[in-house]
2 protein chains.
Amino acid sequence: MKFCSHCGQGVTEHIPPGDTRPRYICDHCQHIHYQNPRIVAGCLVTDQRFVLLCRRAIEPRHGYWTLPAGFMENGETTEQAALRETWEEARARVADQQLYMLFNLPHINQVYMFFRGQLVDESFAPGEESLEVGLFSEAEIPWDQLAFPTIGKTLKQYFLDYRQQQFPVRMADITRPLRGGPA
Amino acid sequence: MKFCSHCGQGVTEHIPPGDTRPRYICDHCQHIHYQNPRIVAGCLVTDQRFVLLCRRAIEPRHGYWTLPAGFMENGETTEQAALRETWEEARARVADQQLYMLFNLPHINQVYMFFRGQLVDESFAPGEESLEVGLFSEAEIPWDQLAFPTIGKTLKQYFLDYRQQQFPVRMADITRPLRGGPA
């Protein structure tokens, strides 16, 4: 950030009075430009022991497999964001969705929230950001071609929980990128 | 938003190619300025049937009672944000914190996340943003002087759950301001 989005003059980074962190502050109008983490919302869409994966048609991680997810927009709920992303990326409809996994990724200022839900029918199809979409059993999942650590952790937890048929909300921190891929 | 924070030239609001929503886009450098919801993280600090409340020394809702909470910062986890806010506003230390209540407030682009945790000792005290801090039983809570709907809903749920000694993670939407106060 170099310029104030309110008045167009230059900003400098310093700690405002009464604060403890450096902020971008306008030299002219004194507006403080706070920056905060963003929420990525998505769905773990399941059909009994099968889960829905999308192969990414966009960077980062073009060609790798992911769960449908994306940045939450203003004016929607986390659940609406997760269902919207699932429709946009996988043309899949979901029922009985429940909050399932929540990841903190402080090194990239993101919080991931995955909802677990039932696939309503098998009419899914790749949206614009996906190359292909499919249902996978645990043995069929391309474990070494998953796009992000959050995806593998969510899938592994699901298959563990599926054996017990207990799906409590779980929270985990991913504090640095794993070797070989982005967080 | 009137000016591009990257190059200082004017922005206009229109739907970018391949998108479905209007964004602020720089007329000069074409940078798209996305705007996303923010997370408010806080703690429901408990000591058996007592909960810790702070009376606000700042607007909005100066003088009303709240749970310690505030905007999550870049570089921290939701849990760290909740504990930091609890220290800043109530000088209280918390143990065994667990995610408890999650609220969507789409009309103000916020997601609230409250962690439930045990008060470690009774050395709490008002921080700079609080007038006073105290422990309250259900009967003692100033129900008509709570700062925000999220606070009352979290407290009511806690006393219900306390009777059962079961505290599942719960999610709720608050889709418009309730009469008589901000959301």
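Heads up: these notes are all about the structure in this document. Being a predicted model, the structure only gives us computed values, none of them experimental. (Residues numbered from 1 in each chain as written. Chains lettered and ligands numbered in written order. Predicted model: local features only at pLDDT ≥ 70, side-chain atom pairs only at ≥ 80, totals over all residues. Heavy atoms only, no water.)

**Structural notes on unusual backbone geometry**
So, step 1. Residues Glu59 of chain A and Pro60 of chain A are joined by a peptide bond in cis, for which omega reads -5°.
So, step 2. Along the polypeptide, Pro60 of chain A turns up in the loop between strand S5 (50–56) and strand S6 (65–66).
So, step 3. Although it is not a glycine, Arg91 of chain A sits at a positive phi angle of roughly 45°.
So, step 4. As for its placement among the helices and strands, Arg91 of chain A is situated in the loop between helix H1 (78–90) and strand S8 (94–105).
So, step 5. Positioned with a positive phi, Gln30 of chain B is a non-glycine residue whose angle comes to about 70°. (Helix = DSSP H or I, 4+ residues; strand = E, 2+ residues; numbered from the N terminus.)

**Let's talk about the interface of chain A and chain B**
So, step 1. Taken residue by residue, the interface counts 36 residues in chain A and 36 residues in chain B.
So, step 2. Counting each side, the surface lost to burial between chain A and chain B is near 3300 Å², with a carbon and sulfur contribution of 54%.
So, step 3. Here chain A and chain B share six salt bridges between them.
So, step 4. For Glu73 of chain A, the salt bridge is made with Arg23 of chain B, and the minimal N-O distance between the two is 2.6 Å.
So, step 5. Summed over the shared surface of chain A and chain B, the result is 14 residue pairs in polar contact (both at pLDDT 80 or more).
So, step 6. Counting only elements with at least two residues in the side of chain A that touches chain B, the list comes to strand S4 (38–47), H1, S8, strand S9 (110–119) and strand S11 (170–173) of chain A.
So, step 7. Across the side of chain A that touches chain B, the residue classes tally to 17 nonpolar, eleven polar and eight charged. (Contact = heavy atoms within 4.5 Å. Buried area = accessible area lost by both parts, 1.4 Å probe. Salt bridge = Lys/Arg side-chain N within 4 Å of Asp/Glu carboxyl O. Polar contact = N/O pair within 3.5 Å; in protein donor to acceptor, adjacent residues only side chain to side chain. Nonpolar A, V, L, I, M, F, W, Y, C, P; charged D, E, K, R; others polar.)

**Remarks on the relation of the copies chain A and chain B**
So, step 1. Rotating chain A by 180° about the axis while translating it 0.0 Å along that axis superimposes it on chain B, leaving an RMSD of 0.0 Å. Here the two chains are linked by the operation of a two-fold rotation axis. (Least-squares fit on C-alpha atoms with pLDDT ≥ 70 in both.)

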